[in-house]
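Examining the three-dimensional arrangement
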Amino acid sequence: MDVLDCIKSRRSIRKFENQLIPQEIIEEILECGRWAPSGVNFQPWKVFVVSDPNVKEKLAKCTKHSSLILNAPHTFAIFLDQTKQYHYTKHVQSIGAFFQTLLLALHAKGLGGVWLGEIYNQKDQVSDVFGINDPQLEFMGAIAFGKPAEQGKSSRKKVSEFVVWS
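Residues numbered from 1 in each chain as written. Predicted model: local features only at pLDDT ≥ 70, side-chain atom pairs only at ≥ 80, totals over all residues. Heavy atoms only, no water.

Let's talk about unusual backbone geometry
- Even without glycine at this site, Val-40 takes up a positive phi of about 55°.
- If you trace the backbone, Val-40 turns up in the loop between helix H2 (23-33) and strand E1 (45-50).
- In this model, Gln-43 sits at a positive phi of 50°, which is unusual for a non-glycine residue.
- Mapped onto the elements, Gln-43 comes out in the loop between H2 and E1.
- Here Gln-43 falls in the partly exposed class, since its relative accessible area comes to 28%. (Helix = DSSP H or I, 4+ residues; strand = E, 2+ residues; numbered from the N terminus. Buried < 20%, exposed > 50% of the residue type's maximum accessible area, 1.4 Å probe, protein only.)

Here it is in structure tokens:
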């Protein structure tokens, strides 16, 4: 798939087939993610790949959008690893690029995903799910993913609505 078509056709998918994705494909998606840009190339991400039904259930209790986690065969729980301090805002921006790269890689492989942001409001609970008590690992969000059972829909603003030429 052409990269521009991939960017323009990617949509958030909220319904998935009940089908596990082979680990090799998930590793390929994560391989793409590690090439996301990051300040000073620190790559400040740590990812938990959640497939176990018991862990999914615990993670789902951390968000009002629990059905997205429960109905997806897999979820990436993404943490900011602050063990190498450079610049907090730049690290958070890098995490955003990491999220987007994972979502594009999922789409390019014929899979779908949805970025869960509301779960961030319960980041301490999420850390507990994974037994993390290290303040250097900060939960940033999750991506529920799998084989799409629906087509995503969305509209976008016109470029003229958000660009100022100077």
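Things to note about the pattern of salt bridges
- Inspection of the entire model under this criterion finds three salt bridges.
- Of the charged contacts in the structure, one is a salt bridge between Arg-34 and Glu-31, with a shortest N-O distance of 2.7 Å.
- Classification of Arg-34 as partly exposed rests on a relative accessible area of 40%.
- Glu-138 serves as the salt-bridge partner of Lys-123, at 2.9 Å between the closest nitrogen and oxygen. Placement of Lys-123 in helix H6 (residues 123-129) and of Glu-138 in strand E4 (residues 137-146) is noted, with a sequence separation of 15 residues between them.
- Its relative accessible area of 27% is what places Lys-123 among the partly exposed residues.
- Residue Glu-138 is classed as buried on the basis of its relative accessible area, which comes to 11%. (Salt bridge = Lys/Arg side-chain N within 4 Å of Asp/Glu carboxyl O.)

Here's the deal with the side chain of Lys-56
- Secondary-structure assignment places Lys-56 in helix H3 (residues 53-60).
- Among the polar contacts made by the side chain of Lys-56, one reaches the main-chain carbonyl oxygen of Ala-72 at a distance of 2.6 Å.
- Once residues lying within four places of it in the same chain are set aside, the contact partners of Lys-56 are Val-50, Ser-51, Ile-69, Leu-70, Ala-72 and Pro-73. (Polar contact = N/O pair within 3.5 Å; in protein donor to acceptor, adjacent residues only side chain to side chain. Contact = heavy atoms within 4.5 Å.)

Some details on the state of the cysteines
- On inspection of all chains with the given rule, the structure shows zero disulfides.
- Between Cys-32, a free cysteine, and Cys-6, which holds the nearest cysteine sulfur, the sulfur-to-sulfur gap is 9.6 Å. (Disulfide = S-S within 2.5 Å.)

Topic: the sheet that holds E1
- The sheet built from four strands is open, its strands ordered E1-E2-E4-E3 with antiparallel pairing. This sheet does not close on itself; its edge strands, each paired only once, are E1 and strand E3 (112-116). The mean angle between the axes of side-by-side strands here comes to 25°, regardless of whether they run parallel or antiparallel.
- Relative to E4, E3 runs antiparallel, the two being bridged by five bridges. The residue of E4 that forms the bridge with Leu-116 is Ala-142.
- In this fold helix H5 (residues 88-108) packs onto E1, strand E2 (74-81), E3 and E4, with an angle of close to 10° to the strand it touches most, E4. (Pairing = 2+ DSSP bridges. Axes fitted to C-alpha atoms, helices over the stretch in contact; angles between N-to-C directions.)

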